[in-house]
Amino acid sequence: MLPFSMTQDRLQRLTLALLLGLVIGYLLFLVAGKHEGSALLRGDFPAFHAAAELVWTGQGAELYDLGHQRAIQNRHWPDFAGSYYIFPYPPFFALLLAPLAALPPLAGKALASLLLFAAFLGSLLLARRVSAFVSRYFLFTFVYLLTFAPLQIAIVGVQNTALSLFLFGLVLWGVHTEHPWRTGISVALLCYKPQFGALLAPFLLARRQRGEVLAWGLGLLALYLLGVPVLGWTWPLAWFLAAHQFGEVNFTINAHNMISLAGLSYWLFEASLGAGALALPWAYLGSAVLLLLAAWYLSRDARRLVLAPALVLLCSPQTLFYDVAIALLALLLQLRPGERWNFLVLAVIWLYGAVALVLRDQVAFPLFSPLLLAIIALQWRLLRAPSPPHPQR
């Protein structure tokens, strides 16, 4: 029997109830919800569509021109009424997105959501290979994460959390299977979101695996060359300037939605002193020191690398609440089937995520930062226990 009288039959009924609740919720939204500007029908897709259209139509040189981004988004989504979302990603990512511009915006948005759902499913299939808990309770894990509020809105709203989840899963799978090229290439691919890929690099270098470092370097070279047709040989400079501009705006708008140390520091200084920017240099310095110490600590035992995703989220310059799901999946990898507190802890995390999503704008406090810290603490506690057995590869 599972703990707290959670028999297998009850677990199956709980899984079905979560799934039915998800379906009913979407049906109610389609019938009676406010569709304009919703995550289901628009989400953050306009930024990606604008970048895709600029590259698709041969205007890659204007990729980071905010006027062009605004004009495209307002043409396809008039309800923006002059506002828009900024595209801050590297040009090679825009090149990969370009085919979406061949579709009508709503169809492109639907395809993007389907691709992100496939990435989410892929991450779970990878997790099943390295985790006894996910392997045994695969259907429950699937529905649990799919209904976890931050990840659910990320997939529907075309945030890229599911893609990051899949690539982090590839990294951990590569380490687990002792496949250095898979590990190195996966870390390089995470540079589509540089605050993840770059911050994961110290963990890779600390492992001193020549194959991993070589694969990582070749992967970065390939990504650099992919960006050249869009913005030329000096595109990293253009991207850096655009990312810096976006970062200043993002802290102002989304400090209460962030889970990184920098985001939390900005919010604290802004709320208390009205000078959030003053905290950033010290927050970046503290994050860098923490990252280097963590890379050294994790390199001493391969089991500890499961902490890397959550630590990257914590130390990144900017990370929004959606990505706390990455740390949650890493926690699930560590759980043992039948452990006494597993399902109680998971229930508390799920409920907290749902409540925090509803209240985040009302309280204007980074409610998901404590959740990330709690997950890291739980992972640390589990690492101090003997290693659980893994299913066969």
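Residues numbered from 1 in each chain as written. Predicted model: local features only at pLDDT ≥ 70, side-chain atom pairs only at ≥ 80, totals over all residues. Heavy atoms only, no water.

(A) Geometry of the overall build of the protein. The helix and strand inventory of the protein stands at 19 helices and zero strands. Compactness check: the protein gives a C-alpha radius of gyration of 21 Å against a globular reference of 21 Å for 393 residues, within 12% of the reference. Oriented by its inertia axes, the alpha-carbon framework of the protein measures out at about 60 × 55 × 45 Å. Taking all 393 residues of the protein together, the buried fraction comes to 51%. Sequence-distant contacts in the protein: of pairs separated by 6 or more residues, those separated by 24 or more amount to 72%. (Helix = DSSP H or I, 4+ residues; strand = E, 2+ residues; numbered from the N terminus. Rg over C-alpha atoms; globule rule 2.2 N^0.38 Å. Buried < 20%, exposed > 50% of the residue type's maximum accessible area, 1.4 Å probe, protein only. Contact = heavy atoms within 4.5 Å.)

(B) Looking closely at the environment of Ala198. Here Ala198 lies in helix α11 (residues 194-207). Of the residues examined, Ala198 reaches a relative accessible area of 43% and is grouped as partly exposed. With 114 residues separating them along the chain, Ala198 and Val312 place their C-alpha atoms 9.3 Å apart.

(C) How the structure looks around unusual backbone geometry. Of note in the backbone geometry, Glu178 takes a positive phi value of approximately 55° without being a glycine. Here Glu178 shows up in the loop between α9 (161-176) and α10 (180-189). Residue classification places Glu178 among the exposed residues on the basis of a relative accessible area of 66%. The backbone of Arg208 sits at a positive phi, close to 55°, despite the residue not being glycine. With respect to the secondary-structure elements, Arg208 resides in the loop between α11 and α12 (210-231).

(D) Spatial organisation of helix α2 (residues 45-56). Under the 1.5 Å per step criterion, the end-to-end length of α2 is 16 Å for 12 residues, consistent within 8% with the ideal 16 Å. For α2, the buried fraction is high: 11 of the 12 residues fall into the buried class. On the buried face of α2, the contacting elements are α3 (66-76), α4 (91-97), α5 (105-130) and α12. Just downstream of α2 lies Gly58, where phi reads positive at about 80°. (Expected span 1.5 Å × (residues − 1).)

(E) Structural view of a nonpolar patch on the surface. There is a patch of nonpolar side chains on the surface, built from Trp181, Ile185, Leu189, Leu214, Leu218, Leu221, Leu225 and Trp233 and spanning about 760 Å² of accessible area. Within the residue set of the nonpolar patch, elements represented by two or more residues are α10 and α12. Considering each element in turn, the nonpolar patch owes the most residues, four residues, to α12. Relative to the assigned elements, Leu221 resides in helix α12. (Patch = residues over 30% accessible without salt bridge, like charges linked within 9 Å, V, L, I, M, F, W, Y side chains within 5 Å. Areas by Shrake-Rupley, 256 points an atom, 1.4 Å probe, with all protein chains shown as cover. Salt bridge = Lys/Arg side-chain N within 4 Å of Asp/Glu carboxyl O.)

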